[in-house]
Amino acid sequence: MKKIIFIPAKPPKYKKIKVAAYCRVSTLSKIQRESLEWQIDHYTNLIASNPDWIFAGVFYDVGKSGLRKEGRFRLKKMLEKASKGQIDYILVKSISRLSRDTLELLNIIRA
C-alpha cells in the first residue's frame, strides 16, 4: 500500500501595503488652497492611522487642469514610483482628480 504524506500549505506572509494619495486643485484661490491643505492632512492621518499600511507619500499639484497629465509633475512622479513597486495603493478624493479625460484615465489605471 502506498503511503501518503500530507504537506500543509504555507500560510501567506503578512505584508503591509505601501499607500499614497493624490490631490489636485485647479486654481490658487483661497478656498482651493484650504481644500488642498485639508486633503493632505486627511490622507496623511488616514494612512498613518492604519496599522496595515505604510505611508508612501501624499502627492499634489496646484493650479493644474485635470484634463491632461501634461504639467502635473507630482502625478507623474507618483505614477513612476508606483510602476517601480514603491507604491501599492493610491487614494484619491474622486477619480476625476487623476484625469477628466476617460481615455487618459484608463491609460493611467492600466499602467
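Just above sits the structure.
Sequence order as written defines the numbering, with residues in each chain counted from 1. A pLDDT threshold of at least 70 governs which residues receive local features in this predicted model, and a stricter bar of 80 or more applies before side-chain atom pairs are shown or counted, although totals over entire chains, interfaces and linings include all residues. No hydrogens and no water enter the side-chain calculation; it runs on all heavy atoms of the structure.

A. Focus on the nonpolar core. Definition used in this section: a nonpolar core is a set of buried Ala, Val, Leu, Ile, Met, Phe, Trp, Tyr and Cys residues joined via side-chain atoms within 4.5 Å. With a 1.4 Å probe rolled over the protein chains alone, any residue whose accessible area is under 20% of its type maximum counts as buried; one over 50% counts as exposed, and the rest are partly exposed. If you look at the biggest cluster of nonpolar residues, it comprises 11 residues: A20, Y22, A56, F59, L75, M78, L79, I87, L98, L105 and I108. Of all the secondary structure elements, the ones that give two or more residues to this core are β1 (17–25), β2 (53–62), α2 (73–83) and α3 (102–110). Looking at which element gives the most residues to this core, the answer is α2, with three residues. Setting aside chain neighbours within four positions, we find Y22 in contact with F59, Y60, D61, R72, L75, M78, I90, L91, V92, K93, R97 and L98. With 10 residues, the next largest nonpolar core counts V19, A21, W53 and L91 among its residues. Here a strand is any run of E in DSSP of at least two residues, a helix any run of H or I of at least four, and the numbering for each starts at the N terminus. The contact criterion used throughout is that any non-hydrogen atoms of two residues lie within 4.5 Å.

B. Region of the structure containing the sheet that holds β2. Two strands are counted as paired when DSSP detects at least two bridges linking them. Ordered in space as β2-β1-β3, the three strands form an open sheet in which the pairing is parallel. The sheet terminates laterally at β2 and β3 (89–92), the two strands that pair on one side only. Shown here is a sheet whose adjacent strand axes are inclined to one another by a mean of 25°, direction ignored. Of the strands in this sheet, β1, β2 and β3 are in contact with α2, which crosses β2 at around 155°. Lines fitted to C-alpha atoms define the axes here, with helix axes fitted over just the stretch in contact, and angles between the N-to-C directions of these axes take values from 0 to 180 degrees.

C. Just the packing of aromatic side chains, in detail. Pairing of aromatic rings covers Phe, Tyr and the six-membered ring of Trp, with a centre-to-centre limit of 6.5 Å; geometry is then stacked below 30 degrees between planes, edge-to-face above 60, and tilted otherwise. Under the defined criterion, the tally for this structure stands at one aromatic pair. Measuring from centroid to centroid gives 6.3 Å for W53 and Y89, while their planes differ by 35°, and the two rings are tilted. Taken as a pair, W53 in strand β2 and Y89 in strand β3 lie far apart in primary sequence, 36 residues in all. Lysine NZ or arginine CZ positioned within 6 Å of the ring centre and within 35 degrees of the ring normal marks a charge as sitting over the ring. The ring of Y60 is capped by R74, whose NZ or CZ atom sits 4.8 Å from the centre of that ring.

D. Just α3, in detail. Every buried residue belonging to α3 is among E104, L105 and I108, and all of these are buried. Projection of α3 onto a plane perpendicular to its axis shows the buried side chains occupying an angular sector of 100°, all on one side. Relative to its buried face, α3 has exposed residues pointing more than 90 degrees away, namely T102, L103 and R110. The elements touched by buried residues of α3 are α2. Contacts described as polar in this section are N or O atom pairs within 3.5 Å, which, within protein, must combine one atom able to donate a hydrogen with one able to accept it, while residues neighboring in sequence count only if both atoms come from side chains. The backbone nitrogen of L103 has a side-chain oxygen 3.1 Å away, supplied by the residue at the start of α3, namely D101. The arc in question is traced by the directions running from the helix axis to the C-beta atoms.

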